[in-house]
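Coordinates in review
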Amino acid sequence: MNTDVLVVGAGPTGLMLANQLARRGVRALIIDRHAGPSVQTRALGVQARTLEIYSRLGIAGRALELGKRATGANIWALGRRAARVPLGAIGLDISPYPFLLILGQDDNERLLGEALRDRGVTVNWNTELVGLAQETDRVRATLRQPDGATREINAVWVAGCDGAHSAVRDLNGIAFQGAPYEHVFFVADTQATGTMVPDELNVYLWREGFHLFFPMRGMDHWRVVGIVAPELRGKKDLAFEDVIPSVREEAGSGLSFQKCSWFSTYRIHHRRAERFRDRRCFLLGDAAHIHSPVGAQGMNTGLQDAYNLAWKLALVVSGRAGATLLDSYEDERIPVARRLLSTTDRAFSLIVSDNWLAGLFRTRVLLKIMAFAMRFDRVRKLAFRTISQTGIHYRNSALSESPAGLPEAAPRAGDRFPWMRLKFLADGPGEDLFGKLDDTRFNLIVIGQPAPPGGIPGLGDLLRIHTVPGHPDNDRELARAHIPQPSFFLLRPDGHVGLAGLHLEVSAAIRYVSGRLHLGKETPEPLTMTGHLTPPSAR
Ligand SMILES: Cc1cc2nc3c(=O)[nH]c(=O)nc-3n(C[C@H](O)[C@H](O)[C@H](O)COP(=O)(O)OP(=O)(O)OC[C@H]3O[C@@H](n4cnc5c(N)ncnc54)[C@H](O)[C@@H]3O)c2cc1C
C-alpha cells in the first residue's frame, strides 16, 4: 500500500485536500484514526471564499440547500441593537455568495466526504499514523490498522491534516507555539425567542464576554455560543440552566428558551506551528494553527490551506513542476495564519477582557465607533473582504509578479482575481467569471488585446485562455474592479493572480512560467523512485 500523497486526518481539511488531489488525478491515501465521520458540530460559519471553492467542487448548491444564509450581523449591547453589518448588501459586488452560510461542520464533512466517494476515494477509518521516517525520496509511515496491527507504507509526500494534536507535527519535532485562553466556552443547541433579528447573526456584548446567536434551519432554532461567566468557570457538571441568567442579563428578559437539545463546554488555545513544512511533510488546518472562534475563520482557513497546496502538489507529483514550487505553500500560508492569529487574538482579548474599564469601552465606546465606521463604504467592504476571506492575498509570494504599469487600484499579483459578470462573446450573455475558470488549470484572462495564438509555452494544456471583448457591459464591470484596458491576468489554478500587466508579451510569460512556477524547467526530484510507486507516466 504505497501512495504519492498520504493524507493524515479526514476532518474538513483532509477531506478538502483529498478531493482536490483526486480531481487532479493524484493518487492519495486518506486515513483517520476515528471509526467514522465526526458527529460534533464545532464550526458553524462557512465563508464566501469557501463557498466559491465548494462551487468548483460541485457541492456549493447542496451546502446552500442545507445551510441558512445570514445576510447581516447585529451587535447588541446594554439591551440595545447598537450596530448592524449588512453582509448581503456589502458583498453583492464582491462574491456570488454575499453572506455567511450557517452550516455545521458535520454537514460540511458529510458533503466533502460524499464528493470524495463520488471521485472513487474512500477514507480508511480506524487507521492511525503512529510513526514517520523521512528519507530523501520518500516518507516511511507506520500506520496502526483497524485490527490493531501496525504496517509500514511508503509515501512520496505526507499531508498532516490531523488536527490540533497532530502526530505529523509532533513526529517531525515542529513546535506549536502559543498558549491556552483562560476562558471556558459553551455551545448550546436551542429553540428560543427574543430580541434576536431572525435569519441573521446576533452578537450580544456584555461587560465580561459575549454571546453569539447563530440562526439555524427550523423554527426559532438558534445555536448559542458564549463565554461561561467567571463565577461559573470552576463549576462541575455545568448545565445550560446555569448559564441562562448571564445570557438573559444582556439579551433581555424577553429572551425565552423553549428547548436545549445539546450543551457542551470547551477551552481553546491560540497556537501556530513554527513551520508548515518539514521536507516531505506538510501541516495544514488545525495541525498548523488554532485560534479563538471569533470571526468563524478556523475551518475555513484549513480548507484554504488545502486548496493552496493541492494544485502545487499535483504539478510536482505529475512531474510537471520542480519541487521548489512547494516552498511557496508555507511562504504563502504562514503569513495568513500569522495575521489570523493576531487579529482573532486582539478581537478576542478585547471582547472577553474581564477588566471593568475594557467592559465599559466595549459596550459603550467601541460600538459607537463601529456603528460610525460602518457608514463608510470602504470600511464596510474591507470588513466583508476580511471576514469572508475573499481579501486574502499572496502579494509578497515568490509566485507573484506584477510588472510596472498597472494602476494602483487594479488587482495585483497575489490577489484573488475579482468576481465579475462578463460577456465572453460580444453578442453573448453576461457570464459568471468564476463559473468559466477551470481551477484544475491556469487561466489567462486577456482584456482589450488579442490572445497569443499559441498560448504560453511551458503551460501547454495546463492553460485555459479567456478573451474579454470590448462591450459597454464589460467596460462597466472592468471599471468597477479598476481593471484597465488593455491588460492581462494569468491566474493560478486557485484563482490568485500570478502574473499581471498591461500588454501581454509571451516572452515575459515564458520567463514567469519557468522562473517563478518552476514548470517544465527543473528536473523534478526523484519523487516516485521507490520501486513501489507508480511513476506518473504509467498512470
Ligand atoms: C468546540 C469547537 C468549536 C469551534 N467552533 C468553530 C467555529 O465556530 N468556526 C470555525 O471556523 N471553527 C471553529 N472551530 C475550529 C474548527 O472546528 C477547526 O478549525 C476544524 O475542525 C479544523 O479542521 P481540521 O480538518 O484541520 O482538523 P480536525 O477537524 O481536528 O480533524 C483532524 C482529523 O485528524 C484525525 N487524526 C488525528 N490524529 C491522527 C492520526 N495520528 N492518525 C490518523 N488520523 C488522525 C482526527 O481523528 C480528525 O478526524 C471550533 C473548534 C472547536 C473544538
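Residues numbered from 1 in each chain as written. Predicted model: local features only at pLDDT ≥ 70, side-chain atom pairs only at ≥ 80, totals over all residues. Heavy atoms only, no water.

Let's talk about the environment of Lys 312
Counting through the fold element by element, Lys 312 comes out in helix H8 (residues 298–317). Residue Lys 312 is classed as buried on the basis of its relative accessible area of 0%. Note: C-alpha distance between Lys 312 and Leu 326 (14 residues apart in sequence) is 6.2 Å. Setting aside anything within four residues of it in sequence, one finds Lys 312 in contact with Leu 325, Leu 326, Ser 328, Tyr 329, Glu 332, Leu 399 and Arg 492. (Helix = DSSP H or I, 4+ residues; strand = E, 2+ residues; numbered from the N terminus. Buried < 20%, exposed > 50% of the residue type's maximum accessible area, 1.4 Å probe, protein only. Contact = heavy atoms within 4.5 Å.)

A closer look at helix H2 (residues 48–57)
Most of H2 is tucked away, with eight of its 10 residues classed as buried. The set of residues buried in H2 consists of Ala 48, Arg 49, Thr 50, Leu 51, Glu 52, Ile 53, Tyr 54 and Leu 57. Just beyond H2, the residue with positive phi is Gly 58, at close to 85 degrees.

Considerations on unusual backbone geometry
With an omega of 0 degrees, the peptide bond running from Gln 485 to Pro 486 counts as cis. Here Pro 486 is to be found in the loop between helix H13 (472–480) and strand S23 (487–491). Located in the positive-phi region is Asp 220, a residue other than glycine, with phi close to 50 degrees. Here Asp 220 shows up in the loop between strand S13 (209–215) and strand S14 (221–227). Despite not being glycine, His 482 shows a phi value in the positive range, around 60 degrees.

Let's talk about the site of the ligand
Surrounding the ligand, one finds 26 residues, the nearest of these being Thr 13, Asp 32, Arg 42, Gln 105 and Asp 286. The side chain of Gln 105 places a nitrogen or oxygen atom 2.7 Å from an oxygen atom of the ligand. A distance of 3.0 Å is found between an oxygen atom of the ligand and a backbone nitrogen or oxygen belonging to Met 299. If the ligand stood free it would expose 1,000 Å²; the protein chains cover 87% of that surface. If you list the elements that add at least two residues to the shell around the ligand, you get helix H1 (12–23), strand S8 (128–134) and H8. (Near = heavy atom within 4 Å. Polar contact = N/O pair within 3.5 Å; in protein donor to acceptor, adjacent residues only side chain to side chain. Areas by Shrake-Rupley, 256 points an atom, 1.4 Å probe, with all protein chains shown as cover.)

Structural notes on the nonpolar core
Judged by nonpolar contacts, the single largest core of 120 residues is most densely connected at Leu 6, Tyr 54, Trp 157 and Phe 442. The element best represented in this core is H8, accounting for 12 residues. In terms of nonpolar packing, the next biggest core, distinct from the first, is built from 23 residues, Tyr 204, Phe 213, Leu 232 and Val 243 among them. (Core = buried A, V, L, I, M, F, W, Y, C linked by side-chain atoms within 4.5 Å.)

Structural notes on the sheet that holds S13
Across the sheet, which stays open at both edges, the eight strands sit in the order S6-S5-S12-S13-S14-S11-S15-S18 with mixed pairing between neighbours. Strands with a single pairing partner mark the edges of an open sheet, and in this sheet they are strand S6 (80–85) and strand S18 (289–290). Taken together, the 15 bridges between strand S11 (residues 176–193) and strand S15 (residues 256–273) define a ladder with antiparallel strand orientation. From the neighbouring strand, Gly 178 faces S15, where its bridge partner is Arg 271. This element, helix H7 (residues 240–251), spans S11, strand S12 (201–206), S13 and S15 of the sheet and lies at about 90 degrees to S15. (Pairing = 2+ DSSP bridges. Axes fitted to C-alpha atoms, helices over the stretch in contact; angles between N-to-C directions.)

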